[in-house]
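# Structural overview for review
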Amino acid sequence: AQSVTQLDSQVPVFEEAPVELRCNYSSSVSVYLFWYVQYPNQGLQLLLKYLSGSTLVESINGFEAEFNKSQTSFHLRKPSVHISDTAEYFCAHDNYGQNFVFGPGTRLSVLP
Amino acid sequence: SAVISQKPSRDICQRGTSLTIQCQVDSQVTMMFWYRQQPGQSLTLIATANQGSEATYESGFVIDKFPISRPNLTFSTLTVSNMSPEDSSIYLCSVERAGVGEKLFFGSGTQLSVL
């Protein structure tokens, strides 16, 4: 069965520090990969996606993620976080429309 | 992108009652999805709703408990029937817009608490 693993359920970091949220997926075929963000009391929003091409993808608010096929990973990184980045982050993959699977989520808490 | 309006945004219900959640999209979409997010957990797909046909339910979810309507290409409802406290969750409507390269758009969710 397809699955997405996010090893860190909670990640506390201080403001302006770098952060990496880890994501690993299991799939025997190529997939699309996504990061979604859920701010407090809101629905999910797409943060960034990998469909094909360059393995490094970026969002408009400074996050980036790198697709690593050999390690089946799609870790999310930001070099300097802000208080406003505090949210729940979900990694997901889509097996070419066969099924869309979400990871368990990582709660990022940015401390002043 | 897609604008998805979902209501109610939250509700507190009594055990044994039913609640219908509405999802309105600003454009026509083929597939609509209903997810459940239990407290502290990730999203679980309940069912896929296609216009003109019965919804397709995932393992562990049945039509009698979660009846879904899809009367047209911009609207769907999910009913949580005969509720119990275990049904307390956030319920999310989602649509697929594969044509613009962004797979899923989500409504803001309905936070349901069952007493």
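Calculation rules
Residues numbered from 1 in each chain as written. Chains lettered and ligands numbered in written order. Predicted model: local features only at pLDDT ≥ 70, side-chain atom pairs only at ≥ 80, totals over all residues. Heavy atoms only, no water. Helix = DSSP H or I, 4+ residues; strand = E, 2+ residues; numbered from the N terminus. Buried < 20%, exposed > 50% of the residue type's maximum accessible area, 1.4 Å probe, protein only. Contact = heavy atoms within 4.5 Å. Buried area = accessible area lost by both parts, 1.4 Å probe. Salt bridge = Lys/Arg side-chain N within 4 Å of Asp/Glu carboxyl O. Polar contact = N/O pair within 3.5 Å; in protein donor to acceptor, adjacent residues only side chain to side chain. Nonpolar A, V, L, I, M, F, W, Y, C, P; charged D, E, K, R; others polar.

### Some details on the environment of L76 of chain A
All names here are of chain A. Locating L76 in the fold gives a position in strand β9 (residues 73–78). A residue is classified by how much of its surface remains accessible, and L76, at 1% relative accessible area, is buried. Taking C-alpha positions, L76 is 13 Å from A87, a pair spaced 11 residues apart along the chain. Once residues lying within four places of it in the same chain are set aside, the contact partners of L76 are V19, E20, L21, W35, L47, L48, F63, E64, A65 and Y89.

### Brief notes about the interface of chain B and chain A
The interface is formed by 14 residues belonging to chain B together with 17 residues belonging to chain A. Both faces combined, the contact of chain B with chain A buries some 1200 Å², and carbon together with sulfur accounts for 59% of it. In this assembly, chain B and chain A are joined by 0 salt bridges. There are 2 residue pairs in polar contact (both at pLDDT 80 or more) connecting chain B and chain A. Put simply, the parts of the chain that give the side of chain B that touches chain A at least two residues each are β4 (31–37) and β10 (102–106) of chain B. The greatest single-element share of the side of chain B that touches chain A, amounting to 4 residues, is contributed by β10 of chain B. Among the residues forming the side of chain B that touches chain A, the class breakdown is 5 nonpolar, 6 polar and 3 charged.

### A closer look at the environment of S5 of chain B
When you line up the elements, S5 of chain B lands in strand β1 (residues 4–7). For S5 of chain B, the contacting residues outside a window of four places in its chain are Q22, C23 and Q24 of chain B.

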